[in-house]
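# Commentary on secondary and tertiary structure
For reference, the chains in residue letters:
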Amino acid sequence: GALSQRELREASRAFSCADGVIAVSPGLRETIRPLCGGKKIAVIPNLVNEDFFSRTRQTVPEKPFRFISVGALMPKKGMDTLLTAFQSLVSSGADVHLTICGGGAEEEALKAQAVELLSAGRVAFAGSIPRQEVGRRLSESHAFVLASRVETFGVVFVEAMACGLPIVMTKTNAWEMLAVPETGLAVPVDDTAALVGAMRQLMEHYADYDAGTIRRYCRDNFSETAICRRLTGFYEEGLKK
C-alpha cells in the first residue's frame, strides 16, 4: 500500500517483460499477482546470514523470562501494540523483561508510553545496534516477539530462529512459513489480547520449544545454502525456456 499508481504501473510493466518472477512470501505473491498478467510467481524466501547459526546460545536465568524485539521504531512495526500487550502481561503478575532494539521517529513516544515499565526495570531500549550486537542480544534472550502491521517477509524472525529462539509474530505476509508449530506462534495484526495470550502461552510451554529443532528448521528453509540452491534452480529453469 506504499506505492503510487504510477509506480505500480512501472512495476507491472517490469513484471510483464520478465521471464520469471519471485516473491519472498506467499502473501507478497498474492499482493503482486494482479500486476503480473497471469504469470506464475515463485515463492523463494529471504535468507539468514550464516553468522547467526554460529551463535552459541547463552544460559539465560529462568527468571525473568526475557523477550526481545528488533525493528525500526516506526508505526508499521507495531511497537506500540507490543508495549501495550507487554504492560498487560506485567500487570497480570508475569515475571518478564523486554528488550527493544532499534531506532526511529517513534522512539521518544514509545519511551513515554513505557515510562512505568522503564522505571520498574521491565523494559530496555537498546537503540540502533549493529547486526553482530543483535546476534549477541538474541543469544541472551528466551524468545523473540514483533507485532508488525506490515512485513513482506521479516528477516529478523529467521535471525532469531537461527539462534534457536521461538518466535511470536503477527499474521503478515510470511507468517505461515515462519510460525510453524515447532518454531512459535502467530496472532492477528493489532490484536493486543491475542498477543498477550500468545506470549503467555509461549512462556508456559517454553520447554516444548527445542532450540536445536528451531535451528534445523531455519537452516533447512532459510540458510544461504538452501536459498541459493532454490535460486539457482529457478534461474536454470528460466534459461531452459
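The text that follows walks through the structure, step by step, so that each part is easy to find. (Residues numbered from 1 in each chain as written. Predicted model: local features only at pLDDT ≥ 70, side-chain atom pairs only at ≥ 80, totals over all residues. Heavy atoms only, no water.)

Across its full length, the chain carries 11 helices and 8 strands. A globule of 241 residues ought to have a C-alpha radius of gyration of about 18 Å, and the chain, at 19 Å, matches this closely. When the 241 residues of the chain are sorted by exposure, 42% land in the buried category. For the chain, restricting intrachain contacts to residue pairs at least 6 apart in sequence, the fraction spanning at least 24 positions comes to 69%. For the chain, the computed accessible surface area is about 12,000 Å², with 51% contributed by carbon and sulfur atoms. Once the 28 positive and 28 negative side-chain charges of the chain are each reduced to a mean point, those two points are 4 Å apart. (Helix = DSSP H or I, 4+ residues; strand = E, 2+ residues; numbered from the N terminus. Rg over C-alpha atoms; globule rule 2.2 N^0.38 Å. Buried < 20%, exposed > 50% of the residue type's maximum accessible area, 1.4 Å probe, protein only. Contact = heavy atoms within 4.5 Å. Areas by Shrake-Rupley, 256 points an atom, 1.4 Å probe, with all protein chains shown as cover. Lys, Arg positive; Asp, Glu negative; His and termini not counted. Charge placed at Lys NZ, Arg CZ, Asp CG, Glu CD.)

Estimated volume of the largest pocket: approximately 460 Å³. Residue lining of the largest pocket: 16 residues in total, with G1, A2, L28, T31 and T152 positioned closest to the centre. Looking at the lining of the largest pocket, the elements with two or more residues in it are α1 (5-17) and α2 (26-32). Considering only residue class, the lining of the largest pocket consists of 9 nonpolar, 4 polar and 3 charged. Each pocket or cavity is described by its volume, and for the second largest pocket that value is around 280 Å³. Lining the second largest pocket are 13 residues, with D19, G20, V21, F234 and K241 sitting closest to its centre. For the lining of the second largest pocket, the elements supplying multiple residues, two or more each, are β2 (41-43) and α11 (224-240). The element that contributes the greatest number of residues to the lining of the second largest pocket is α11, accounting for 4 residues. Per-class residue counts for the lining of the second largest pocket are 6 nonpolar, 2 polar and 5 charged. (1 Å grid on protein atoms, 1.4 Å probe; cavity = no way out; pocket = protein on both sides within 12 Å on 5 of 7 lines; lining within 4 Å. Points joined across faces, edges and corners; volume = space filled by probe spheres on them. Nonpolar A, V, L, I, M, F, W, Y, C, P; charged D, E, K, R; others polar.)

Structurally, the position occupied by S25 is in the loop between β1 (21-23) and α2. Within polar-contact distance, the side chain of S25 engages the backbone oxygen of T152 at 2.6 Å. (Polar contact = N/O pair within 3.5 Å; in protein donor to acceptor, adjacent residues only side chain to side chain.)

This paragraph deals with helix α6 (residues 131-139). Every buried residue belonging to α6 is among V134, G135, L138 and S139, and all of these are buried. The buried residues of α6 occupy an angular sector of 130° when the element is viewed end-on, so they sit on one face. Contacts from the buried residues of α6 go to β3 (65-70), β6 (143-145) and α7 (155-162). (Arc of directions from axis to C-beta.)

Right, let's get into the sheet that holds strand β5 (residues 123-127). Read from one edge to the other, the open sheet built from 6 strands follows the order β5-β4-β3-β6-β7-β8, with strand pairing classed as parallel. Looking at strand neighbours, the two that pair on one side only are β5 and β8 (184-187), the edges of this open sheet. Across the sheet, the mean angle from the axis of one strand to that of its neighbour is 20°, orientation sign disregarded. Together, β3, β4 (96-101), β5 and β6 form the strand contacts of α6, whose direction differs from that of β3 by roughly 155°. (Pairing = 2+ DSSP bridges. Axes fitted to C-alpha atoms, helices over the stretch in contact; angles between N-to-C directions.)

Before going further, it helps to spend a moment on unusual backbone geometry. P64 follows K63 through a cis peptide bond whose omega is -5°. Of note, D190 is a non-glycine position whose phi angle comes to about 60°, a positive value. Relative to the helices and strands, D190 resides in the loop between β8 and α9 (192-204).

What follows concerns the pattern of salt bridges. Scanning the model with the defined rule gives 13 salt bridges in all. Among the ionic pairs, R136 bridges to E140, the shortest N-O distance being 2.9 Å. Relative accessible area serves as the criterion here: at 31%, R136 is assigned to the partly exposed category. Here the salt bridges do not stand alone but share partners, grouping E133, R136, R137 and E140 into one network. (Salt bridge = Lys/Arg side-chain N within 4 Å of Asp/Glu carboxyl O.)

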